[in-house]
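Close look at the chain arrangement
These are the residues of each chain, in order.
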Amino acid sequence: MELLSYLDITFFLLAAIGALIGIIFGAIPGMTATMAVAVCLPLTYALGLEHGLALLLGLYVGGISGGMVPAVLLNIPGTPSSITTTFDGYPMAQKGQGEKALRVCVVASLVGGLVSALVLFFFAPLLAEFSIKFSYVEKFLIILLALTVIASMSSNMLIGIFSGVLGIWLSLIGTYSLSDGGNGKTRLMFDFMQPYLVDGFALLPVLIGIFGISTILLEAEKGVKSGLSGAKIEMGKGGGFTFGLFKGRLTNLMRSSFIGTFVGMLPGVGGSAASVLAYTQEKNLSRDSSQMGKGAPQGLIASESANNALTGGALIPLLSLGIPGDSTTAVLIGAFTLQGIQVGPLFIPENQDTWTVMMIALVFANIVMFFLMFYAIKYIARVVLVPKYVLYPIIVMMCVVGAYAINYGIMFDVWTLLIFGIFGYLIEKIGLEVAPLIIGFILGSSAEVYFVKSLESFGTFSIFFTKSPIALVLWGLIAASIAFSVVLGIKTRARQKMELSQVSGSTSGGTTSGSGERHDG
């Protein structure tokens, strides 16, 4: 059986090494799971698809989990999805319960990861089987829905839309292929760029640049020598942790895991939204929420089970529709690209062995993460103090070598890496959204092909509204996501106005009172 040939000692060793390296990346403030996967992506070419996926999935799981370490011990979210972990984790560390808090997080992370893997195993093939029947019209609307959801979940919908459109525009640079309905000529570039951009910007150097080099630039701006070398870590004693802490909190654990899985399925939303939503639900539904924010284990359970459940959830749209669920799964597309495999509705039916291998790697990575962090957390916690001036040059070297070697030594790929590294730094500084941009870049060319093919097949724009009931449902979901963003924006502005009026009212009241006191004197 061919499947057994992949499941050798090397496969499991790579998944374990990936989990360990991912934990280290996640535990160092400023680094993320996405960065870990992007930096190690070139290695997968030499490993082959199955072994490469074992490494990358280990990095993914470990990177998400590692963010809990600085969140609990330093009040610094190691990854965006660990924001709510700081609410209760750091207060527990200040009370000398740092190790106890971390072990609660580790157990919650394991459950969240395994629940999402279970949902992935049963739901992704069903969604893929259903989406095989989609025509070009439905495929275009699925991508439009994904981009709309990403924009609506951004801090500002207009900024999210602009970022997504900018990503689509960048994806269209190159030759407008005849097979795609084009004229076979290059477009969206100056004449001197044609020798380099006949096929457009290569995906992998773009991903490594935006998630690797730009992160280094942003962190270097803060000062690499400042570091955390003088920081004080409050681990406390492991005593106090028992699995009995989860008694009566299984509802919270399972609810938060399913929330994280569902949010992971929404393209581009991210782990921070999952953990915030799960934490809020626990605070609203818990019988005793008065201690949340002061060092309550149920807050850690909600946050960490939700953000780790993101891993399996984000893989569902990637493997069944070809749409990345978050920035890390967007980078995972690069691994399939290196091996000449296209993810989408046909991936699971045509690659059953690879699909099974991915599930085994995902479950095994979660188990390895649990044992590493549960029993060696005292040693892993020291990672947060590693000087950044030691790490950053090594990471930059890995990025440059990887970009150069990934397409058999093309120097322009190194320039692409640097261009998009600086570009990623700039878009962060001016307030654009990275997730919509990169997912727009990945899906833009496919959206164009599906749009043009739909018009070629049916000859009228109205086909996007009348082709099938599925198309009407997709339009309804698109309208709902836009309406959600508009309503959310209105509520946010109303809340800000209320807070501003309260501040101004208290200020004017204080001034009046002060004037009265001076007058009496």
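Just so you know, these numbers come straight off a predicted model, no measurement behind them.

A few words now on the layout of surface pockets. Roughly 1400 Å³ of volume is contained in the second largest pocket. Looking at the second largest pocket, it is lined by 48 residues, and the ones nearest its centre are Thr337, Gln342, Ile442, Ser445 and Ser446. Elements represented by at least two residues in the lining of the second largest pocket include exactly α9 (136-152), α10 (157-171), β1 (174-175), α11 (203-222), α15 (327-338), α16 (347-350) and α21 (434-458). At eight residues, α21 tops the list of elements feeding residues into the lining of the second largest pocket.

This brings us to the environment of Trp355. Within the fold, Trp355 resides in helix α17 (residues 352-375). For Trp355 and Leu277, which are 78 residues apart along the polypeptide, the C-alpha to C-alpha distance reads 30 Å. Among residues more than four places away in sequence, those in contact with Trp355 are Leu120, Phe121, Ala124, Pro125, Leu319 and Ile348.

Relative orientation of the contacting elements α11 and helix α19 (residues 388-405) amounts to 160°, with a least axis distance of 10 Å. For the element pair α11 / α19, the angle class is roughly antiparallel. Judged by the twist between their axes, the crossing of α11 over α19 is left-handed. Along its contact with α11, which presents Pro205, Ile208, Gly212, Ile213, Ile216, Glu219 and Ala220, the element α19 presents Lys388, Tyr392, Ile395, Val396, Cys399 and Ala403. Each residue belonging to the contact of α11 with α19 can be placed in one class, and the counts come to ten nonpolar, one polar and two charged.

Here we come to α21. With 25 residues, α21 should reach 36 Å at 1.5 Å per residue; the first-to-last C-alpha distance of 35 Å fits that figure. Maximum bend of α21: about 45°, positioned at Leu443. Of all 25 residues that make up α21, 18 are buried, and the element is covered over most of its length. Downstream of α21 by one or two residues, Gly459 has phi in the positive range, about 70°.

Another aspect to go through is the confidence of the model for the chain. Low-confidence regions, as indicated by low pLDDT, have predicted coordinates that should not be scrutinised in detail. Of the residues in the chain, 91% reach a pLDDT of 70 or more, and the chain-wide mean stands at 83. Note on residues 512-521: pLDDT under 50 across the span, and zero contacts to partners over four residues away in sequence or across chains.

The rules behind these values
- Residues numbered from 1 in each chain as written.
- Predicted model: local features only at pLDDT ≥ 70, side-chain atom pairs only at ≥ 80, totals over all residues.
- Heavy atoms only, no water.
- 1 Å grid on protein atoms, 1.4 Å probe; cavity = no way out; pocket = protein on both sides within 12 Å on 5 of 7 lines; lining within 4 Å.
- Points joined across faces, edges and corners; volume = space filled by probe spheres on them.
- Helix = DSSP H or I, 4+ residues; strand = E, 2+ residues; numbered from the N terminus.
- Contact = heavy atoms within 4.5 Å.
- Axes fitted to C-alpha atoms, helices over the stretch in contact; angles between N-to-C directions.
- Parallel < 35°, antiparallel > 145°, perpendicular 65-115°, else oblique.
- Left-handed = near helix turned anticlockwise from the far one by under 90°.
- Nonpolar A, V, L, I, M, F, W, Y, C, P; charged D, E, K, R; others polar.
- Expected span 1.5 Å × (residues − 1).
- Bend = angle between axes of the 7 residues up to and from the residue.
- Buried < 20%, exposed > 50% of the residue type's maximum accessible area, 1.4 Å probe, protein only.
- pLDDT = per-residue confidence, 0-100.

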